[in-house]
Amino acid sequence: MFRFASLVVAVLLLTVPLAQGQGNDPLSFNRLMPSPDTRNAPPAEDGIHDAASEGTHMLQTPREAFQPLPESNAGNYVDWVTALQEEHITPRFDLNDPTRRPTVMDLNIVREVKGSMPDVVFPHKEHTEWLDCSNCHPAIFIPQRGANQMSMAEIMLGEQCGACHGRVAFPVTDCRACHSRPKDGAQAAGGQ
């Protein structure tokens, strides 16, 4: 059974991108792994804006706009948290009230994970500087200890953390951004 399943997966990986006219790149279907030359493409080439519109060609390219901002090694290569903390940017928290400020919650949630990967630290502070609690609670996460079962597979499919990460926030392929708390020696060694 295992060999048959592996064969099916291998065939799918080889044929799906070709069937979609995406060349020989077996990862071309994965929104989390864009090729370096397509990152931060000019608006007329990004697949989002209407290339036939005159207005699209008047827009500043992301590479130009991001140039003065602190750099990151992933996503669109901007460290947005540092940009906010250093006041390179001052996003408007409320569309209708420009004077409204976020209610920042300085609380870290640690999720212990199985295996040797470091545990996940979820920093509410960095999230609540940008977002209101209602963006995540209760639709994405139930605000109750133990109520949210998660897996990397679900996250990579756009659920839970993947609702933003890999779309508008840094990609989930930047593992150490979340898996940041080392396990103690007994856990790391597989002990009791």
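Relevant structure appears above.
A brief look at the structure comes next. (Residues numbered from 1 in each chain as written. Predicted model: local features only at pLDDT ≥ 70, side-chain atom pairs only at ≥ 80, totals over all residues. Heavy atoms only, no water.)

Focus: the overall build of the protein
Just so we agree on the cut-off: Strands here mean DSSP runs of E at least two residues long; helices mean DSSP runs of H or I at least four residues long; both are numbered from the N terminus. Type-normalised accessible area, obtained with a 1.4 Å probe on protein chains alone, sets the label of each residue: buried when under 20%, exposed when over 50%, and partly exposed for intermediate values. Any two residues whose heavy atoms approach within 4.5 Å at even a single point are treated as in contact. To be clear on the numbers: accessible area is Shrake-Rupley with a 1.4 Å probe, and residue cover counts the displayed protein chains and nothing else.
Per the secondary structure count, the protein includes seven helices and three strands. Counted from the first residue to the last, the protein has its helices and strands arranged as α-α-α-α-β-β-α-α-β-α. Here the protein, with 192 residues, has 19% of them falling under the buried criterion. Relative to all contacts within the protein whose residues are 6 or more apart in sequence, the contacts with residues 24 or more apart total 40%. For the protein, the computed accessible surface area is about 14,000 Å², with 57% contributed by carbon and sulfur atoms.

Observations concerning the sheet that holds strand 2 (residues 119-123)
As a reminder, the rule being used: Following DSSP output, two strands are said to pair if at least two bridges run between them. Convention adopted: a line fitted to C-alpha atoms gives each axis, helices being fitted over their contacting stretch, and angles between N-to-C directions are expressed from 0 to 180 degrees.
Read from one edge to the other, the open sheet built from three strands follows the order 1-2-3, with strand pairing classed as antiparallel. Looking along the sheet, the strands with just one partner apiece sit at the ends: strand 1 (108-111) and strand 3 (179-181). Across the sheet, the mean angle separating the axes of adjacent strands is 55° when strand polarity is ignored. Note: strand 1 against strand 2, four bridges, orientation antiparallel. Among the inter-strand pairings, Arg111 is bridged to a residue of strand 2, identified as Val120.

A closer look at the environment of Gly55
Along the chain, the position of Gly55 falls in helix 2 (residues 54-58). Of the residues examined, Gly55 reaches a relative accessible area of 28% and is grouped as partly exposed. Expressed as a C-alpha distance, the spacing of Gly55 and Pro43, which sit 12 residues apart in the sequence, is 9.8 Å.

So, the packing of aromatic side chains
What counts is decided by this rule: Stacked, tilted and edge-to-face are the three classes applied to pairs of Phe, Tyr and Trp rings, where Trp contributes its six-membered ring and a pair requires centres within 6.5 Å; stacked means planes under 30 degrees apart, edge-to-face means over 60, and tilted covers the rest.
Under the counting rule described, the total for this entry stands at one aromatic pair. Ring geometry for Phe66 versus Trp80: centroids 5.4 Å apart, planes at 85°, classification edge-to-face. A residue pair is termed long-range when its members are at least 10 positions apart, and Phe66 in helix 3 (residues 62-66) and Trp80 in helix 4 (residues 80-85) qualify at 14 residues.

Side note on a nonpolar patch on the surface
Rules: Each patch is assembled from residues with relative accessible area greater than 30% and no salt bridge, linking like charges that lie within 9 Å and nonpolar side chains (Val, Leu, Ile, Met, Phe, Trp, Tyr) that lie within 5 Å. The salt bridge definition used is simple: a Lys or Arg side-chain nitrogen within 4 Å of an Asp or Glu carboxyl oxygen.
Taken together, the side chains of Met105, Leu107 and Ile109 define a hydrophobic patch exposed on the protein surface, amounting to about 220 Å² of accessible area. Looking at where Leu107 falls in the secondary structure, it is placed in the loop between helix 4 and strand 1.

Remarks on the pattern of salt bridges
The tally for this structure, following the rule as stated, stands at six salt bridges. Put simply, Asp119 and Arg181 hold a salt bridge, and the shortest N to O gap is 3.0 Å. Here Asp119 is found in strand 2, whereas its partner Arg181 is found in strand 3, with 62 residues between them in sequence. On the basis of relative accessible area, Asp119 is assigned to the buried category, the value being 0%. Arg181 sits in the partly exposed class, given a relative accessible area of 31%. Among the charged side chains, a network of salt bridges with common partners joins Glu112, Asp119, Arg181 and Lys183.

Overview of the pairing of strand 2
Bridge analysis of strand 2 against strand 3 gives two bridges, and the strand direction is antiparallel. Considered in strand 3, the bridge of Asp119 is made with Arg181.

Remarks on the nonpolar core
Which entries qualify depends on this criterion: Remark: nonpolar core denotes a set of buried residues (Ala, Val, Leu, Ile, Met, Phe, Trp, Tyr, Cys) joined through side-chain atoms within 4.5 Å.
By size, the foremost hydrophobic cluster in this structure holds five residues: Leu69, Val78, Ala83, Leu84 and Ile89. Those residues in contact with Leu84 that sit more than four places away from it in its chain are Ile89, Pro91, Glu129 and Trp130.

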